[in-house]
Amino acid sequence: MKSYVFPGDIEEDIRQIAAQEIPYMRTADFSALVKDCEQMLLSLINCKGGKVIPFTASGTGAMDAIVNNYVTALGGTALVIIGGGFGRRWKNLCEYYGVESQAFEVPFAKDIDYEALEQRVIEIKPSVLLCQHHETSTGELFNIQKISEICKRHGVHLITDVISSFLADPFDMDALGIDICVTSSQKGLNIAPGLSFAIISSRLDGYKFEHKGFYFDFEENLKNLTRGQTPYSPATTLFMQLHERLKRDVALGTKKIIASVRHKALYFRELCKKNGWEVPCEVPSNCITGFFVHRNGDILFTELMKRGIYIMPGGTPHYFRVSHLGLQTDEELETLAHEIKAIETANY
C-alpha cells in the first residue's frame with residue numbers, strides 16, 4: 001500500500017528496527033537512549049532546559065495527562081479554541097475532569113478572528129488557553145504567534161497541541177512562551193503510532209501538579225525520568241525507532257525538514273487546482289492538504305484502497321485529506337491525483 005495517512009510510508013531500515021531483538025528496558029543503555037531522545041526532542045522544538053514525558057499512548061493520552069495534571073492545578077476557567085474535532089477533544093477532557101471551560105468556536109477550515117479571540121480573553125479572564133497549532137481534522141493552520149501574544153498581554157497560560165504541525169510548520173516553543181506542548185510519534189516524527197509526549201517548559205520546574213490519574217501522573221513520570229526510565233513498561237521498540245528518527249532529524253535540521261514537507265504540500269495543491277478540487281483552508285498547514293471532490297466522494301476512500309492507496313476521510317461529505325509527512329515523490333503525487341480523478345469521473 002502507498003500511504004498518504006499518519007504515519008506515511010516509512011524508510012525500510014527504520015521499519016526493520018521493530019523486528020530486531022527487543023532489549024530489556026531496565027538497563028543503563030536503555031536509560032541513555034531515553035535521555036538522548038529527550039534532549040533531541042527539546043532541541044528540535046526549542047525548549048531549552050525543559051522536560052519531556054513520554055507516554056506509551058496515542059496523542060490523546062498526553063492531552064489527558066496535561067489536563068488532569070496541569071490544567072486542573074491552575075484552577076480558574078480554561079478557554080478552548082475549537083476549529084474541529086481535535087480542538088473539541090480539549091473541551092471534552094476539561095469537562096471530564098471537572099474543569100470550568102468555555103469554547104471559542106472557529107468555522108470549518110477558517111482562520112481565527114484574532115481580535116474576537118482577544119476580546120473573549122478580556123471578557124472571561126481565563127487562566128489558561130488550550131489550542132491546536134494545526135487543526136488536523138480540517139487542515140487549517142492557526143497563527144500561534146498571534147495567539148501567544150494575546151496570552152502574554154493578558155497573563156494567560158498557553159498549552160498547544162502540535163501533534164500534526166511539529167516538523168511540518170515552523171514552531172519555536174520558547175519564543176512563543178508556551179507552558180506545555182503535546183506531540184506524538186506517528187505524524188511529524190513519522191514512525192509507528194504508540195508514543196506521545198508532553199513537552200514541559202523549564203518555567204514549570206518545581207510546579208506542584210495535581211494527582212488525578214495513576215498511569216499519567218506527571219510527578220511519578222518525572223521522578224523516573226531523572227534516571228532515564230518510565231515508571232511502567234514502555235513501547236521499547238518504538239523508542240528504538242524514535243531514537244533513530246530523531247538522530248536523522250537533528251542531522252537534517254528543522255528548516256530542511258519543513259522545506260521538504262512544504263514542497264510536497266505545494267506540489268499536490270497545484271494538482272488539486274488543475275483537477276478542480278477545492279482546498280478550502282484559508283491558511284493550510286504544510287502537514288496535509290484537505291480538499292473536496294465533486295463526484296463519487298462516498299466511495300473514493302474504498303476505491304483507492306482497492307488500488308493500493310490510503311488517504312484520509314475528512315469527516316465531512318466529499319472531503320479528504322492527504323498527508324505530506326511520509327516518503328513521497330512528485331511522481332507519486334501525480335499518480336495519486338490521476339487515480340483520484342479516475343474514480344471521481346467514473347460511472348459506478
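Quick caveat: nothing in here was measured; it's all calculated off a predicted structure.

Caption draft 1: Up close: the pattern of salt bridges. Tallied over the entire structure, the rule returns 17 salt bridges. Ionic pairing is found between Glu11 and Arg245, a salt bridge with its closest N-O pair at 2.7 Å. Here Glu11, found in the loop between strand E1 (2-3) and helix H1 (12-16), pairs with Arg245, found in helix H9 (residues 236-252); they are 234 residues apart in sequence, far enough to count as distant. Take Glu11: its relative accessible area is 22%, and that puts it in the partly exposed class. One salt bridge in this structure joins Lys91 and Glu95, with 2.8 Å as the shortest N-O distance. Highlighted residues: Lys91 and Glu95, both in helix H4 (residues 85-96), separated by 4 residues, approximately one helical turn. Residue Lys91 is classed as buried on the basis of its relative accessible area of 13%.

Caption draft 2: Region of interest: the sheet that holds strand E8 (residues 157-161). Strands sit in the order E2-E10-E9-E8-E5-E3-E4 across an open sheet of 7 strands; the sheet is mixed. With partners counted over all chains shown, the strands left at the sheet margins are strand E2 (51-55) and strand E4 (101-105), one partner each. The mean angle between the axes of side-by-side strands here comes to 20°, regardless of whether they run parallel or antiparallel. Along the sheet face, helix H2 (residues 28-45) touches E2, strand E9 (180-184) and strand E10 (196-200) and points at about 115° away from the line of E2. Across the sheet, helix H8 (residues 218-225) touches E2, E9 and E10, and the angle it forms with E2 is around 110°.

Caption draft 3: Molecular detail of the nonpolar core. Of all hydrophobic cores here, the largest spans 83 residues; its most connected members are Trp90, Leu129, Leu130, Ile147 and Phe218. Take this core: its biggest share by element is 9 residues, from H2. Within the second largest apolar cluster, 18 residues are counted, among which are Tyr4, Cys272, Trp277 and Ile343.

Caption draft 4: Inspection of helix H12 (residues 330-345) at higher detail. The terminal C-alpha atoms of H12, which comprises 16 residues, lie 23 Å apart, in line with the 22 Å expected from a rise of 1.5 Å per residue. Within H12, the full set of buried residues consists of Leu333, Leu336, Ala337, Glu339, Ile340, Ile343 and Glu344. Seen along its axis, H12 keeps its buried residues to an arc of 160°; they face one direction. The outward face of H12, more than 90 degrees from its buried face, is lined by the exposed residues Glu331 and His338. Of the surrounding secondary structure, the elements contacted by the buried residues of H12 are helix H10 (254-275), strand E11 (288-292), helix H11 (300-306), strand E12 (309-310) and strand E14 (319-323).

Caption draft 5: Broad picture of the packing of helix H5 (residues 114-124) against helix H6 (residues 144-154). Where H5 contacts H6, the axes come no closer than 10 Å and their chain directions differ by 25°. By the angle class used here, H5 and H6 are roughly parallel. For the crossing formed where H5 meets H6, the hand is right-handed. Of the residues in H6, those touching H5 at Tyr114, Leu117, Glu118, Val121 and Ile122 are Lys146, Ile147, Ile150, Arg153 and His154. Along the lines of polarity and charge, the residues of the contact of H5 with H6 split into 6 nonpolar, 1 polar and 3 charged.

Caption draft 6: Spotlight on the pairing of E4. In terms of strand pairing, strand E3 (residues 78-82) meets E4 through 5 bridges, oriented parallel. Residue Val80 lies in a different strand from E4, and its bridge partner there is Ala103. In this region the chain leaves E3, passes through H4 and returns to the parallel neighbour E4; the handedness of that crossover is right-handed.

Caption draft 7: Highlighting the packing of aromatic side chains. Within this structure, the stated rule accounts for 16 aromatic pairs. Here the aromatic rings of Phe268 and Phe291 are separated by 5.7 Å at their centres, their planes lie at 65°, and the arrangement is edge-to-face. Of this pair, Phe268 sits in helix H10 while Phe291 sits in strand E11; the two residues are 23 residues apart in sequence, bridging distant segments of the chain. Of the two residues, Phe268 and Phe291, both sit in the buried class. Consider the rings of Phe291 and Phe320, whose centres lie 6.5 Å apart with planes at 40°: the pair is tilted. You can see Phe291 sitting in strand E11 and its partner Phe320 sitting in strand E14, a full 29 residues away along the chain. Like Phe320, Phe291 is buried. Here the guanidinium or amino end of Lys187 rests over the ring plane of Phe86, the centre of that ring lying 5.2 Å away.

Each value, and the rule that gives it
- Residues numbered from 1 in each chain as written.
- Predicted model: local features only at pLDDT ≥ 70, side-chain atom pairs only at ≥ 80, totals over all residues.
- Heavy atoms only, no water.
- Salt bridge = Lys/Arg side-chain N within 4 Å of Asp/Glu carboxyl O.
- Helix = DSSP H or I, 4+ residues; strand = E, 2+ residues; numbered from the N terminus.
- Buried < 20%, exposed > 50% of the residue type's maximum accessible area, 1.4 Å probe, protein only.
- Pairing = 2+ DSSP bridges.
- Axes fitted to C-alpha atoms, helices over the stretch in contact; angles between N-to-C directions.
- Contact = heavy atoms within 4.5 Å.
- Core = buried A, V, L, I, M, F, W, Y, C linked by side-chain atoms within 4.5 Å.
- Expected span 1.5 Å × (residues − 1).
- Arc of directions from axis to C-beta.
- Parallel < 35°, antiparallel > 145°, perpendicular 65-115°, else oblique.
- Left-handed = near helix turned anticlockwise from the far one by under 90°.
- Nonpolar A, V, L, I, M, F, W, Y, C, P; charged D, E, K, R; others polar.
- Right-handed = clockwise from strand over helix to strand, strands pointing away.
- Phe/Tyr/Trp six-rings, centres within 6.5 Å; stacked < 30°, edge-to-face > 60°.
- Lys NZ or Arg CZ within 6 Å of the ring centre and 35° of its normal.

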